[in-house]
Amino acid sequence: MQLLRVVASAPAKIILFGEHFVVYGEPAIVMAIDKRAYASAEIRKDKRIYINSADLGMSGFFEGENFHEERGSQAARRTLEPLKITVQKVLERSKRNVGISVEVRSGIPVAAGLGSSAAVATAVAVAVGRVLDLELSKEEIFHVSYEAERYVHGTPSGIDPTISTYGGVLLYRKDKGFSQIRVKGEIPLVIGDTGVKRSTGDLVANVHEVSKQYPSVIKPLLKIGGKIALRAVEALETGDLHTLGELMNINHGLLCAVSVSDVSLERLIYAARGADALGAKLTGAGGGGCMIALAEPDKLVRVVAAIESVGGKAFVVRMADEGVRIED
Ligand code: PMV
């Protein structure tokens, strides 16, 4: 049945272990969280691709090669372009020659390491696919969203669109795919947002520079990153929070070694550790953005307060089992 308007949503994520190292083929662990991006799609009477992002205060339409901004500056084009790519890829698959209007709403902090761009792209792909009466497989949803991610930063590992598509907790390897991790019990986590925006692409490029300059030093370090992730799978499957916390601290040390932490993150990480967190590390690309802290359930409030006392914005997160989905 052809629907007039479809709403889809997809989860944000945190990388528990292995960010950056995953770009070099090492395994990483990623968890979908209970913060979602929502996208609605409608077919238009003209051939335009219209995109409105309420949270970013940007809207406009693409017509052929041209972009006409409605709200926001010309910079809106660069921000909205990945979503246009997503819509175009789905339109190509549907073989329909119609225009589409997309509206995006998301409570996920932007450019903070929580995978907001992939969550939005995945939700858009599914909403547009459904409104065009097209059943996209999960693999196709991933591929379409990955193209948008490539526009945002040239060499993504694919971890963000994968978790937004499938949800849960995954062991992910670039080019090798992923497997679901069966987590025992809850993973009590706090996210601390430094409020410092940064570019994932620039940070990935920085790590590339360091690894080119000191290959014999950095290569083994990347391998250790992979070993930490594999050891953490065991800890997740047995619900061993103490080991997980220690592994998080070791992983963070490696991320410092490749220069992706900064003073805004360190402040929050040390505040969390000082408030009896079992472990704390940056999550995502680093250079600002977010950190995560693991704590016994009865210490979560204390960790939130400690992070906020040094200027971070903190909240408790839970795992989200479900990936992208159509909303009623
Ligand atoms: O999207 P972010 O900022 O959470 O970072 C993605 C994780 C990286 O490993 C740094 C990059 C990638 O493509 O895997």
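Before reading further, recall that the structure is shown in the block above.
Residues numbered from 1 in each chain as written. Predicted model: local features only at pLDDT ≥ 70, side-chain atom pairs only at ≥ 80, totals over all residues. Heavy atoms only, no water.

**Brief notes about the site of the ligand**
In step 1: Around the ligand, the structure places 17 residues, and the nearest of them are K13, S157, D160, R198 and T200.
In step 2: Within the side chain of K13, an N or O atom sits 2.7 Å from an oxygen atom of the ligand.
In step 3: Within the side chain of S157, a nitrogen or oxygen atom sits 2.5 Å from an oxygen atom of the ligand.
In step 4: Protein burial of the ligand: of its 380 Å² of free accessible surface, 96% is covered by the chains.
In step 5: Under a 2 Å grid-point criterion requiring more than half of the atoms, the pocket assigned to the ligand is the largest pocket.
In step 6: For the shell around the ligand, the secondary structure elements donating two or more residues are β1 (5-17), α4 (159-166) and α5 (200-213).
In step 7: In terms of residue class, the shell around the ligand is made up of seven nonpolar, six polar and four charged. (Near = heavy atom within 4 Å. Polar contact = N/O pair within 3.5 Å; in protein donor to acceptor, adjacent residues only side chain to side chain. Areas by Shrake-Rupley, 256 points an atom, 1.4 Å probe, with all protein chains shown as cover. 1 Å grid on protein atoms, 1.4 Å probe; cavity = no way out; pocket = protein on both sides within 12 Å on 5 of 7 lines; lining within 4 Å. Sits in = over half its atoms within 2 Å of the grid points. Helix = DSSP H or I, 4+ residues; strand = E, 2+ residues; numbered from the N terminus. Nonpolar A, V, L, I, M, F, W, Y, C, P; charged D, E, K, R; others polar.)

**Points about empty space enclosed by the protein**
In step 1: Taken as a whole and assessed by the stated rule, the structure comprises one cavity of 30 Å³ or more.
In step 2: Space inside the largest cavity adds up to approximately 30 Å³.
In step 3: In terms of lining, the largest cavity is formed by L16, F17, I187, L189, L236, L244, M248 and L294.
In step 4: Put simply, the parts of the chain that give the lining of the largest cavity at least two residues each are β1 and α7 (241-257).
In step 5: When the residues that make up the lining of the largest cavity are grouped by side-chain class, the tally is eight nonpolar, no polar and no charged. (Points joined across faces, edges and corners; volume = space filled by probe spheres on them.)

**Overview of the sheet that holds strand β9 (residues 189-193)**
In step 1: Read across the open sheet, the four strands follow the order β10-β11-β9-β12; overall the sheet is antiparallel. Of all strands in the sheet, those with a lone pairing partner are β10 (279-283) and β12 (313-317), marking the two edges. With strand direction ignored, the average angle separating the axes of adjacent strands in the sheet is 25°.
In step 2: When β10 meets strand β11 (residues 290-294), the two strands line up antiparallel, connected through five bridges. When the sheet's bridge partners are listed, L282 is paired in β11 with M291.
In step 3: Packed onto the sheet, α7 meets β9, β10 and β11 and runs at close to 45° relative to β10. (Pairing = 2+ DSSP bridges. Axes fitted to C-alpha atoms, helices over the stretch in contact; angles between N-to-C directions. Contact = heavy atoms within 4.5 Å.)

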